Amino acid sequence: MLSCKEVSELVSQYPERLLSFREQLGIKMHLMICKLCSRFTRQMKFIARATNTFMDHPEDCLDHSHATQLSDKARERIKKALYR
Amino acid sequence: MTTLSNADTWLELYGNDLYRHAFFRVHDADLAEDLVQETLLAALKAREGFAGHSSEKTWLIGILKHKIIDHFRKSKREQLVDDIAIEADRQQDRFDASGHWKVQFAEWHNPDKSLEQQQFWEIFNICIKHLPARLAELYTLRELNDLPTDEVCKLLDISTTNNMWVMLSRARMRLRDCLENGWFNPTSQQEQ
């Protein structure tokens, strides 16, 4: 039987590290009886979804952020470079 | 079929989007500005090649993504302390000797709703930045910029793929803790 520590390691390495059939089975059996590891696994899946969303379009995730606008100075500099 | 506007208009219309896209992938304002400039210069040269299959913005972001990856490939990185020892300690805080959870944590309610919220992304971004240096680099290269595994290991001097998996797992556990404390259950008393 896998321990919580082992299960949490395996599910947080997935999908980078693909799981063997034995590991998948071990995890499934553990999750059937362990509330905390099931919760942890759901949270890991959410983090993977969030990371993918952010990776695709970080500019849309944070489009109201005032701290991250292209400054006027930078705009001028870039304009100059474009017409050099 | 889309036709292209001139470079001035690009800067006007997409300057902020390009800048933000770069900033959240490289976490450096000056570098992000340079990347926008390089992208627009490359776009000017590549005008003829624009097939019009995608929108102008998508096309420009595509060029920017290449520029960012080029940057990571070329940039010299400082030797960072290996965080693995610290992470081993943290694992001891999470699990007892027989491998059971030592900490309690609550369910995250309706987490997908967070994905639409600006404040969530701010916290998410802060959490990535506050990972230990090497884990932050790894997360940025592999997860946010999708560089291939073997290249990431070479760039960050990680000896085996297995080590990289373990490091990624630690980074995700840290992110979990940070999102829990910073967003989902800010009042919960978690053992540190």
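S.K.: Please explain the interface of chain A and chain B as it appears in this structure.
M.R.: By convention, interface size is frequently given as the accessible area that disappears when the constituent parts associate. Contacts between the two partners involve 46 residues from chain A and, on the opposite side, 63 residues from chain B. Of the roughly 5,200 Å² buried between chain A and chain B on both sides combined, carbon and sulfur atoms contribute 61%. Sorting the residues of chain A by area buried against chain B places Glu16, Phe46 and Leu82 of chain A first, and these three jointly supply 13% of that buried surface. The interface formed by chain A and chain B contains eight salt bridges. Between Glu9 of chain A and Arg170 of chain B there is a salt bridge whose closest N-O contact spans 3.0 Å. Those elements that place two or more of their residues in the side of chain A that touches chain B are α1 (4–13), α3 (35–56), α4 (58–61) and α5 (72–82) of chain A. Here the side of chain A that touches chain B gets 16 residues from one element, more than from any other, and that element is α3 of chain A.

S.K.: Can you walk me through the packing of helix α1 (residues 7–26) of chain B against helix α2 (residues 29–46) of chain B in this structure?
M.R.: When two helices pack together, their arrangement is given by the angle between their axes and by how far apart the axes lie. Residues and elements named next belong to chain B. One can describe the packing of α1 onto α2 by two numbers: an axis separation of 8 Å at closest approach and a directional angle of 135°. Classified by the interaxial angle, the pair formed by α1 and α2 is oblique. α1 and α2 meet at a crossing whose hand is right-handed. Along the contact surface, α1 presents Ala7, Trp10, Leu11, Leu18, Tyr19, Ala22, Phe23 and Val26, while α2 presents Ala29, Leu31, Ala32, Glu33, Leu35, Val36, Leu40, Ala43 and Leu44. Classifying every residue of the contact of α1 with α2 by side-chain character gives 16 nonpolar, no polar and one charged.

S.K.: Can you help me understand unusual backbone geometry in this one?
M.R.: As a rule of thumb, non-glycine residues mostly have phi less than zero, and peptide bonds are mostly trans rather than cis. A cis amide bond links Tyr14 of chain A with the next residue in sequence, Pro15 of chain A, at an omega value of 5°. Relative to the helices and strands, Pro15 of chain A resides in the loop between α1 and α2 (21–33). Positive phi outside glycine occurs at Asn110 of chain B, with the angle close to 45°. By the element assignment, Asn110 of chain B lies in the loop between α4 (84–94) and α5 (118–129). The exposure class of Asn110 of chain B is exposed, given its relative accessible area of 52%. We note that Asp157 of chain B has phi near 60°; this positive angle belongs to a residue other than glycine. Relative to the helices and strands, Asp157 of chain B is located in the loop between α7 (149–156) and α8 (161–184).

Quick notes on the rules
Residues numbered from 1 in each chain as written. Chains lettered and ligands numbered in written order. Predicted model: local features only at pLDDT ≥ 70, side-chain atom pairs only at ≥ 80, totals over all residues. Heavy atoms only, no water. Contact = heavy atoms within 4.5 Å. Buried area = accessible area lost by both parts, 1.4 Å probe. Salt bridge = Lys/Arg side-chain N within 4 Å of Asp/Glu carboxyl O. Helix = DSSP H or I, 4+ residues; strand = E, 2+ residues; numbered from the N terminus. Axes fitted to C-alpha atoms, helices over the stretch in contact; angles between N-to-C directions. Parallel < 35°, antiparallel > 145°, perpendicular 65-115°, else oblique. Left-handed = near helix turned anticlockwise from the far one by under 90°. Nonpolar A, V, L, I, M, F, W, Y, C, P; charged D, E, K, R; others polar. Buried < 20%, exposed > 50% of the residue type's maximum accessible area, 1.4 Å probe, protein only.

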